[in-house]
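# Coordinate inspection notes
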Amino acid sequence: MKRLSHYRRHRFAGPVLLLFALFMVGTTFSVATASTRQSSSVLSRSTSIAEGQQIFLKGCSSCHGLNAEGTKIAPSLIGVGAASVDFQVGTGRMPMADMSVQAMRKKPAYNADQVAALAAYVASLAPGPAIPGGEILNYERDGSTAQGGELFRTNCAMCHNFAAQGGALSQGKSAPSLMGVTPTQIYEAMITGPQSMPVFSDKIITPAEKLSIIKWIKAAETEPSLGGASLGRVGPVTEGLLGWTLGLGLLIGVAVWLATKAR
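The present account deals with the structure reproduced in this document. Computed from a predicted structure; not experimentally measured.

### Concerning the overall build of the protein chain
Assigned secondary structure in the protein chain consists of eleven helices and two strands. Ordered by position in the sequence, the α and β elements of the protein chain form the string α-α-α-α-α-α-α-α-β-β-α-α-α. Per-residue burial for the protein chain yields a buried fraction of 31% across its 263 residues. When the accessible surface of the protein chain is totalled, it reaches about 16,900 Å², and 63% of it is carbon and sulfur.

Shown next as structure tokens:
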């Protein structure tokens, strides 16, 4: 006890005790704040899932089933992940009235918050591809335009055209143009494989390579058309057809005019 009393009367005892008290208060506050944030995050996620479930029951269950198990006219959504929902619903492809035709891009039926809630609900059913965040989509820093162009021509050009302008597929289907598509949607399409598109897993095309493809698409999007009208950039066939049609039509018109004048 005498020893403790001796230290208590030391001139540094007060500052040390004050620093210790401040440390304990700060630590307690940090732990309490972290717990509150975690509880708030869990509560917010639960609310979002509940909201998404209500949206699903009203707008999606008639085709995909009450529990997203799928029906004869629509596939199961268990395990498709939030990325698939964000792509399909966020681009307006879903919901659709006729499941037998190709889903086309249109104005979304739900706002961003509703899409996020619907994605959270479907993601809660089973593990699946998540929506890529901003830390993943830093294609300007991590992507390579040259590598992206090579990868695109190898894996994507046969459907989307070598200039990403879109193209025709079999059975009356078509691959859409990639001009004006957001980086998030491009990444989501690669990891979920919507409709006729294959899934490009990270083993086939790595995340870094996906960013390179996105960077090349964005570079192609801003590339000027020095020759005037791009005509879809499908090459000399379209240009030759247009030149032949206009040229031949002009020659026929001139011949008819000359024949009329000769009378």
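### A look at the packing of aromatic side chains
Going through the model one piece at a time under the given rule, you end up with two aromatic pairs. Measuring from ring centre to ring centre gives 5.5 Å for Phe 56 and Tyr 121, while their planes differ by 45°; the resulting arrangement is tilted. You can see Phe 56 sitting in helix 2 (residues 13-59) and its partner Tyr 121 sitting in helix 5 (residues 112-125), a full 65 residues away along the chain. Both residues of the pair, Phe 56 and Tyr 121, belong to the buried class.

### A closer look at the packing of helix 4 (residues 81-90) against helix 5
It is at 8 Å that the axes of helix 4 and helix 5 come closest, and there the two elements cross at 145°. When the axes of helix 4 and helix 5 are compared, the crossing they make is right-handed. The segment helix 4 lies against helix 5, with Gly 81, Ala 82, Val 85, Asp 86, Val 89 and Gly 90 engaging Val 115, Leu 118, Ala 119, Val 122 and Ala 123. Here the residues of the contact of helix 4 with helix 5 are counted per class, giving eight nonpolar, two polar and one charged.

### Re the packing of helix 7 (residues 145-155) against helix 10 (residues 207-221)
Running from amino to carboxyl end, helix 7 crosses helix 10 at an angle of 95°, the nearest separation of the two axes being 7 Å. Relative to helix 10, helix 7 is oriented roughly perpendicular. Contacts between helix 7 and helix 10 involve Thr 145, Gln 147, Gly 148, Gly 149, Leu 151 and Phe 152 from the first element and Glu 209, Ser 212, Ile 213, Lys 215, Trp 216, Ile 217 and Ala 219 from the second. Tallied by class, residues from the contact of helix 7 with helix 10 come to six nonpolar, five polar and two charged.

### What about unusual backbone geometry?
Here the amide bond leading from Met 94 into Pro 95 is cis, since omega sits at 0°, within 30 degrees of zero. When you line up the elements, Pro 95 lands in the loop between helix 4 and helix 5. Even without being a glycine, Ala 164 presents a positive backbone phi close to 60°. With respect to the helices, strands and loops of the structure, Ala 164 is situated in the loop between helix 8 (157-160) and strand 1 (167-168). Of note, the phi angle at Gln 171 is positive, near 60°, even though the residue is not glycine. Among the structural elements, Gln 171 can be located in the loop between strand 1 and strand 2 (174-175).

### Considerations on the nonpolar core
Phe 152, Ile 213, Ile 214 and Ile 217 are the most contacted members of the largest nonpolar core, which totals 22 residues. Breaking this core down by element, the ones donating at least two residues are helix 7, helix 9 (183-192) and helix 10. If sequence neighbours within four positions are ignored, Ile 214 has contacts with Leu 137, Tyr 139, Pro 183, Ile 186, Tyr 187 and Met 190. Core analysis: the second largest hydrophobic core is formed by 20 residues, Ile 49, Ile 55, Val 85 and Ala 119 among them.

### Describing the pattern of salt bridges
In total, this model carries three salt bridges according to the counting rule given. The partner of Asp 202 in a salt bridge is Lys 210, and the shortest N-O contact between them spans 3.0 Å. Residue Lys 210 is classed as buried on the basis of its relative accessible area, which comes to 0%. Lys 218 is paired through a salt bridge with Glu 221; the nearest N and O atoms lie 3.4 Å apart. Taken together, the positions of Lys 218 and Glu 221, both in helix 10 and three residues apart, correspond to about one turn of that helix. Lys 218 sits in the buried class, given a relative accessible area of 14%.

### Structural notes on a nonpolar patch on the surface
On the surface, Trp 244, Leu 248, Leu 251, Ile 252 and Val 256 cluster together into a nonpolar patch covering about 540 Å² of accessible area. Within the secondary structure layout, Leu 251 lies in helix 11 (residues 236-262).

### Digging into the side chain of His 160
In this structure, His 160 sits in helix 8. Ignoring anything within four residues of it in the chain, the contact list for His 160 reads Phe 152, Gln 165, Gly 166, Gly 167, Ala 175, Pro 176 and Leu 178.

Basis of the calculations
Residues numbered from 1 in each chain as written. Predicted model: local features only at pLDDT ≥ 70, side-chain atom pairs only at ≥ 80, totals over all residues. Heavy atoms only, no water. Helix = DSSP H or I, 4+ residues; strand = E, 2+ residues; numbered from the N terminus. Buried < 20%, exposed > 50% of the residue type's maximum accessible area, 1.4 Å probe, protein only. Areas by Shrake-Rupley, 256 points an atom, 1.4 Å probe, with all protein chains shown as cover. Phe/Tyr/Trp six-rings, centres within 6.5 Å; stacked < 30°, edge-to-face > 60°. Axes fitted to C-alpha atoms, helices over the stretch in contact; angles between N-to-C directions. Left-handed = near helix turned anticlockwise from the far one by under 90°. Contact = heavy atoms within 4.5 Å. Nonpolar A, V, L, I, M, F, W, Y, C, P; charged D, E, K, R; others polar. Parallel < 35°, antiparallel > 145°, perpendicular 65-115°, else oblique. Core = buried A, V, L, I, M, F, W, Y, C linked by side-chain atoms within 4.5 Å. Salt bridge = Lys/Arg side-chain N within 4 Å of Asp/Glu carboxyl O. Patch = residues over 30% accessible without salt bridge, like charges linked within 9 Å, V, L, I, M, F, W, Y side chains within 5 Å.

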